[in-house]
Amino acid sequence: MVPAGTSTPSITAALYANGKPTGQTVTLDQSNDYSASFGDLPETDANGNVIVYTVVETTVPDGYKTSTSGQQPVINGIATLVNIYQPKTPVTPDTPDTPVTPDTPVVPKVPTTPKTPVKPNKSTTPKKPDRPSAPTKSQTPTTKQPKATNDTSSNPTPNSSTDSSTPMTSSSDKLPQTGDDQKQEMIVTLVGGLLIALMGIGQLIRRKI
């Protein structure tokens, strides 16, 4: 059964006698309501044998399939060819992928205005260093010898009759040598101190007397 509104194609049927093509064909279409005949066919061959006729559909049109393929027998002078309409099954399209929502673009930051570089100070020419003065000539240190004094005029002479202590004399009559400067200083200082002490004692004795 062909759906309404569908245009049916035409077909070609070929006549065979005893299994061999006779070269006779008919066209079946909507104009002849898919019915045609082969006229003036002999019933027997030259030998008097009965001829068996068959009909073959030469080409099955696109969109149809046949249930009567090959040579179809003629029954009561009628051969039937059957083609079945095959609707084309529409191809189900693939489900489209869900579109990915693009990320919101990041608003670019406006770059800050660069600062004007500070102009460097002009370099100054270094001053020429002053010439160092010549060092003063070192002086040789000298050792000052203490001056011995025997002046006792300013101090009263102690009385020999009442003075119980006698002045101390040096235990050595040896003159000081160059290496004995420090020792000599100490001896002179001590003797001077003893003399002054003796003078003071002499004055006290005289006052008491």
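Bear in mind that the values here come from a model prediction, so they are computed numbers and not experimental data. (Residues numbered from 1 in each chain as written. Predicted model: local features only at pLDDT ≥ 70, side-chain atom pairs only at ≥ 80, totals over all residues. Heavy atoms only, no water.)

A. Looking closely at the overall build of the protein chain. In terms of helices and strands, the protein chain carries one helix and six strands. Reading the protein chain from its N terminus to its C terminus gives the helix and strand order β-β-β-β-β-β-α. Evaluated residue by residue, the protein chain yields a buried proportion of 11% over its 209 residues. Partitioning the intrachain contacts of the protein chain with sequence separation of at least 6 by distance along the chain shows that 45% fall at a separation of at least 24. About 19100 Å² of surface is accessible on the protein chain, with carbon and sulfur atoms providing 56% of the total. (Helix = DSSP H or I, 4+ residues; strand = E, 2+ residues; numbered from the N terminus. Buried < 20%, exposed > 50% of the residue type's maximum accessible area, 1.4 Å probe, protein only. Contact = heavy atoms within 4.5 Å. Areas by Shrake-Rupley, 256 points an atom, 1.4 Å probe, with all protein chains shown as cover.)

B. Quick peek at the side chain of Q72. Within the secondary structure, Q72 is located in strand β5 (residues 72–73). Within polar-contact distance, the side chain of Q72 engages the backbone oxygen of T68 at 3.0 Å. (Polar contact = N/O pair within 3.5 Å; in protein donor to acceptor, adjacent residues only side chain to side chain.)

C. Local environment of the sheet that holds strand β2 (residues 20–28). The four strands lie next to each other as β2-β1-β3-β5, forming an open sheet whose pairing is antiparallel. Single-partner strands in this sheet number two, and they are β2 and β5. Sheet topology note: the strand β3 (residues 53–57)/β5 ladder contains two bridges and is antiparallel. Its bridge partner lying in β5, T54 is registered against P73. (Pairing = 2+ DSSP bridges.)

D. Quick look at unusual backbone geometry. Even without a glycine there, the phi angle at D40 is positive, about 60°. In this fold, D40 is placed in the loop between β2 and β3. Of the residues examined, D40 reaches a relative accessible area of 83% and is grouped as exposed. Backbone geometry places N76, a non-glycine residue, at a positive phi of 55°. Take N76: it is sitting in the loop between β5 and β6 (83–85).

E. A look at the pairing of β3. Counting buried positions over the five residues of β3 gives five, a clear majority of the element. With burial as the criterion, each face of β3 is covered, one bearing Y53, V55 and E57 and the other bearing T54 and V56. Here strand β1 (residues 11–17) pairs with β3 via five bridges, running antiparallel. Within the sheet, the bridge partner assigned to Y16 lies in β3 and is T54.

F. Up close: the pairing of β2. Summarising the sheet, β1 and β2 pair through six bridges and their orientation is antiparallel. By the bridge assignment for β2, Y16 is matched with P21. Between β1 and β2, which pair antiparallel and follow one another directly, the connecting turn spans two residues, one of which, N18, has a positive phi of 50°.

G. Looking closely at the packing of aromatic side chains. Going through the model one piece at a time under the given rule, you end up with one aromatic pair. With centroids separated by 5.4 Å and ring planes inclined at 65°, the aromatic side chains of Y64 and Y85 adopt a geometry described as edge-to-face. Placement of the pair is Y64 in strand β4 (residues 64–66) and Y85 in strand β6, with a sequence separation of 21 residues. On the accessibility criterion, Y64 (14% relative accessible area) is buried. (Phe/Tyr/Trp six-rings, centres within 6.5 Å; stacked < 30°, edge-to-face > 60°.)

H. Representation of the confidence of the model for the protein chain within the structure. The predicted model of the protein chain has a mean per-residue pLDDT of 75, with 66% of residues at 70 or higher. By mean pLDDT, the top-scoring element of the protein chain is β3 (96), and the lowest-scoring one is helix α1 (residues 181–208) (53). Per-residue pLDDT stays below 50 along residues 152–167; that stretch engages in 13 contacts with residues further than four places along the chain or on separate chains. Low pLDDT (under 50) marks residues 178–185, which in the prediction has six contacts with non-local residues, meaning those over four places away or in another chain. (pLDDT = per-residue confidence, 0-100.)

I. Broad picture of the nonpolar core. Counting 11 residues, the largest nonpolar core is built from I11, A13, L15, A17, V26, L28, F38, I51, Y53, V55 and L81. Elements represented by at least two residues in this core include exactly β1, β2 and β3. For this core, the element with the highest residue contribution is β1, accounting for four residues. (Core = buried A, V, L, I, M, F, W, Y, C linked by side-chain atoms within 4.5 Å.)

J. Representation of the side chain of T8 within the structure. Mapped onto the elements, T8 comes out in the segment before β1. A polar contact of 2.8 Å, which involves the side chain of T8, links it to the side chain of Q30. A polar contact of 2.6 Å, which involves the side chain of T8, links it to the side chain of Y34. Ignoring sequence-local partners within four residues, the contact set of T8 consists of V2, Q30, Y34 and Y64.

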